[in-house]
Amino acid sequence: MNVLRAAVAILGLAMVALILWAAFAAPDLHGTFFDQLNVLTTMPWGVATLADLIIGFTFFAIIVFLTERSWVVAALWAAPIFILGNAWAAVWLVIRLPHLAKQLSKPDWPTS
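What you see is a predicted model; the values in this text were computed from it and never measured.

Criteria and cut-off values
- Residues numbered from 1 in each chain as written.
- Predicted model: local features only at pLDDT ≥ 70, side-chain atom pairs only at ≥ 80, totals over all residues.
- Heavy atoms only, no water.
- Helix = DSSP H or I, 4+ residues; strand = E, 2+ residues; numbered from the N terminus.
- Rg over C-alpha atoms; globule rule 2.2 N^0.38 Å.
- Buried < 20%, exposed > 50% of the residue type's maximum accessible area, 1.4 Å probe, protein only.
- Contact = heavy atoms within 4.5 Å.
- Lys, Arg positive; Asp, Glu negative; His and termini not counted.
- Charge placed at Lys NZ, Arg CZ, Asp CG, Glu CD.
- Core = buried A, V, L, I, M, F, W, Y, C linked by side-chain atoms within 4.5 Å.
- Axes fitted to C-alpha atoms, helices over the stretch in contact; angles between N-to-C directions.
- Parallel < 35°, antiparallel > 145°, perpendicular 65-115°, else oblique.
- Nonpolar A, V, L, I, M, F, W, Y, C, P; charged D, E, K, R; others polar.
- Expected span 1.5 Å × (residues − 1).
- Patch = residues over 30% accessible without salt bridge, like charges linked within 9 Å, V, L, I, M, F, W, Y side chains within 5 Å.
- Areas by Shrake-Rupley, 256 points an atom, 1.4 Å probe, with all protein chains shown as cover.
- Salt bridge = Lys/Arg side-chain N within 4 Å of Asp/Glu carboxyl O.

Novice: Describe the overall build of the protein chain, naming the residues involved and giving the relevant values.
Specialist: A tally of regular secondary structure across the protein chain gives six helices and zero strands. Tracing the protein chain from N to C terminus, the helices and strands come up as α-α-α-α-α-α. The C-alpha radius of gyration of the protein chain comes to 18 Å, more than 25% above the 13 Å expected for a compact globule of 112 residues. Each of the three principal axes of the protein chain carries a C-alpha extent, and together these read 65 × 35 × 20 Å. Burial statistics for the protein chain: of 112 residues in total, 19% are counted as buried. A separation threshold of at least 6 residues defines the contact pool for the protein chain, and within that pool the share at least 24 residues apart is 46%. In the protein chain, which carries 5 positive and 5 negative side-chain charges, the distance between the mean positions of the two groups comes to 25 Å.

So this is what it looks like as structure tokens:
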């Protein structure tokens, strides 16, 4: 399990580095973030896509807050979802999957 966590951490750091590079070092490839955001929001499917993305991030952040034991830990996991996106959510899911599976396998009520 520790090897899996280390692999996820390394992949997560590589992903963060790639996202930061794309955001700061390569804006001259297609324009700045806000230029591209303006293009995206002028199209109806762009607005729908952004709304879908934000709603999904919000629901996943709610799931994080409902399953983590500490509000501080939940906030530290949930806040980067809105910046790093589904990649960060996938890292959280891989790390917490054994705990979630154990919780979901418990019966809702005692059987007779």
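Novice: Explain the nonpolar core residue by residue, including any values.
Specialist: In this structure, Phe60, Val64, Trp77, Ala78, Ile81, Val91 and Trp92 are the most contacted members of the largest nonpolar core, which totals 13 residues. Put simply, the parts of the chain that give this core at least two residues each are helix H3 (44-67), helix H4 (71-78) and helix H6 (86-104). With near-sequence residues (within four places) excluded, Trp77 lies in contact with Val64, Glu68, Trp88, Val91, Trp92 and Ile95.

Novice: Help me get a handle on the packing of helix H2 (residues 33-41) against H3, residues and values and all.
Specialist: Axis separation between H2 and H3 bottoms out at 6 Å; the angle between their running directions is 110°. The pairing of H2 with H3 is recorded here as roughly perpendicular in orientation. Each of Leu37, Leu40 and Thr41 in H2 lies in contact with H3, whose residues at this interface are Trp45, Gly46, Val47 and Leu50. Its residues assigned to classes, the contact of H2 with H3 shows five nonpolar, two polar and no charged.

Novice: How would you explain H3 if you had to name every residue and give the values?
Specialist: Over its 24 residues, H3 runs 35 Å from end to end, which matches the ideal 34 Å to within 8%, given 1.5 Å per residue. Turning to H3, its buried residues are Gly46, Phe57, Phe60, Ala61 and Val64. Lining the buried residues of H3 we find H2, H4, helix H5 (81-84) and H6.

Novice: Run through the environment of Ala22, naming residues and quoting values.
Specialist: Among the structural elements, Ala22 can be located in helix H1 (residues 2-25). Each C-alpha atom, one on Ala22 and one on Phe33, is 9.7 Å from the other, the two residues being eleven residues apart in sequence.

Novice: With reference to specific residues and values, describe a nonpolar patch on the surface.
Specialist: A contiguous nonpolar patch, built from Ile55, Phe59, Ile62 and Leu66 and spanning about 440 Å² of accessible area, is present on the exposed surface. Mapped onto the fold, Ile62 is located in helix H3.

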